[in-house]
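Given next are the chains, with one letter for each unit.
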Amino acid sequence: MAEGVDHREAETGPAYRRVRPAQAGRFVFASPHSGDLYPDDMQAAQGLAETSLRSAEDALVDRLIAPGANLGAVLVLGRAGRAYVDLNRDPRDLDPLLIDGLDGQPGSARSQAGYGVIPRLCGDGQPLYDRRLPLAEAQARIAARHAPYHRALAEEMEAARARAGEAVLVDWHSMPARATQGVGGARGPDVVLGDRHGSSCSAELTRRLRRSFEALGWRVALNRPYAGGWTTQSWGRPEDGFHAVQVELNRALYLDEATLQPGAGWSRCARGVERVIADLLAEPA
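Residues numbered from 1 in each chain as written. Predicted model: local features only at pLDDT ≥ 70, side-chain atom pairs only at ≥ 80, totals over all residues. Heavy atoms only, no water.

Focus: the confidence of the model for the protein
Thinking step 1. Per-residue confidence for the protein gives a mean pLDDT of 94, with 95% of residues at or over 70.
Thinking step 2. With pLDDT under 50 throughout, residues 1-5 is counted as low confidence; its partners more than four residues away or in other chains account for four contacts. (pLDDT = per-residue confidence, 0-100. Contact = heavy atoms within 4.5 Å.)

Right, dumping it as structure tokens:
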């Protein structure tokens, strides 16, 4: 770590952790799914295995991107577990099969599949609950965890644009190795960049990220199967000075998916991600 670089202000609460460098620039790094807090009021299904409960988490992504704060990126890191509330979903995306009191609202295709803002299913497809949730309970959960996270993210995006004339959000995620496997179980891409098919950020930002990851020897795909979620869609407004791109890292690169602990490739992956971050923050995108 370079002398004099690590002057940072950190703020931690139940909804998010925020790290703001003294010399912040235009970049904001977010990790909405690396949280692992599951409050007692969740009341998940009796006997649900912890491995199922946590199977949708982007475990350890917050650690992978931590070097960004030493180079001028603000970090906004979700702390609530994804199974409790999904911070990368529209807060209105409620699941009528899970939540009682929606008065016949059909819900989106995503929520009908079990993955709305309050998920009904674990990442591995197991039911999260053996009960239905009252609407008031769902709304209270969103107000306590989802809303504060997005207020913090909005504050940092607005501040970055005020400082630098534009703000650049990099929304960091991970993807199960099985999600991108090809025919015969062949390993899929190591990284998927999602820029909403070119609409959420400058083409140069996407190109720079792609070049940096490919320089590591990693295989990079664009927008398939992940084009960018609700956060990327909300903040991807280049015409207003807000750029957003989603980065999905293959968990096979760094994670033991059975234990959610660093895998055999952790050190190599961490060095690679740090190099990409350094390349990205070295000059304006």
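Notes on unusual backbone geometry
Thinking step 1. The peptide bond linking Arg224 to Pro225 adopts the cis configuration, its omega dihedral lying at 5°.
Thinking step 2. Along the chain, Pro225 turns up in the loop between β9 (220-222) and α6 (230-235).
Thinking step 3. With a phi close to 50°, Gln43 is a non-glycine residue in the positive phi region.
Thinking step 4. Positionally, Gln43 belongs in the loop between β3 (27-31) and α1 (50-53).
Thinking step 5. Given the relative accessible area of 48%, Gln43 is considered partly exposed.
Thinking step 6. Non-glycine residue His197 carries a positive phi angle of around 55°.
Thinking step 7. Note that His197 resides in the loop between β8 (191-194) and α5 (203-215).
Thinking step 8. On the accessibility criterion, His197 (59% relative accessible area) is exposed. (Helix = DSSP H or I, 4+ residues; strand = E, 2+ residues; numbered from the N terminus. Buried < 20%, exposed > 50% of the residue type's maximum accessible area, 1.4 Å probe, protein only.)

Focus: the pattern of salt bridges
Thinking step 1. Per the counting criterion, the structure on display carries 23 salt bridges.
Thinking step 2. Among the ionic pairs, Glu155 bridges to Arg18, the shortest N-O distance being 2.8 Å. Note that Glu155 is positioned in helix α4 (residues 135-164) and Arg18 in strand β2 (residues 16-21), a separation of 137 residues in sequence.
Thinking step 3. The exposure class assigned to Arg18 is buried, which follows from its relative accessible area of 6%.
Thinking step 4. Asp90 is paired through a salt bridge with Arg92; the nearest N and O atoms lie 2.7 Å apart.
Thinking step 5. In this structure Arg92 comes out as exposed when scored by relative accessible area, which is 68%.
Thinking step 6. Counted as one network, the salt bridges with shared partners bring together Glu9, Glu11, Arg18, Arg20, Glu155 and Glu156. (Salt bridge = Lys/Arg side-chain N within 4 Å of Asp/Glu carboxyl O.)

Some words on the side chain of Thr231
Thinking step 1. With respect to the element layout, Thr231 can be found in helix α6.
Thinking step 2. Setting aside residues no more than four positions away along its own chain, Thr231 makes contact with Leu87, Asn88, His150, Leu153, Leu169 and Asp171.

Re the sheet that holds strand β7 (residues 167-175)
Thinking step 1. Taken in spatial order, the eight strands line up as β1-β2-β4-β3-β7-β10-β8-β9 in an open sheet, and their pairing is mixed. Each having just a single partner strand, β1 (8-12) and β9 make up the two edges of the open sheet. Mean inter-strand twist for the sheet, computed between neighbouring axes without regard to direction, equals 15°.
Thinking step 2. As paired strands, β3 and strand β4 (residues 74-78) are joined by four bridges and run parallel to one another. In the strand pairing of β4, Val28 is matched with Val74.
Thinking step 3. Along the sheet face, α4 touches β2, β3, β4, β7 and β10 (242-250) and points at about 170° away from the line of β4.
Thinking step 4. Docked against the sheet, α5 engages β3, β7, β8, β9 and β10, running at close to 25° with respect to β10. (Pairing = 2+ DSSP bridges. Axes fitted to C-alpha atoms, helices over the stretch in contact; angles between N-to-C directions.)

Here's the deal with the pairing of β8
Thinking step 1. Alternating residues of β8 divide into Val191 and Leu193 and Val192 and Gly194, and every residue in both groups is buried.
Thinking step 2. Taken together, the three bridges between β8 and β9 define a ladder with parallel strand orientation. Paired with Val192 across the strands is Ala221, a residue of β9.
Thinking step 3. Assessed by its sense of winding, the connection that carries the chain from β8 through α5 to β9 is right-handed.
Thinking step 4. In the sheet, β8 pairs with β10 via four bridges, with the strands oriented antiparallel. In the strand pairing of β10, Val191 is matched with Leu249. (Right-handed = clockwise from strand over helix to strand, strands pointing away.)

Thoughts on the environment of Gln233
Thinking step 1. Within the secondary structure, Gln233 sits in helix α6.
Thinking step 2. On the basis of relative accessible area, Gln233 is assigned to the partly exposed category, the value being 47%.
Thinking step 3. The sequence separation of Gln233 and His33 amounts to 200 residues, and the corresponding C-alpha distance is 17 Å.

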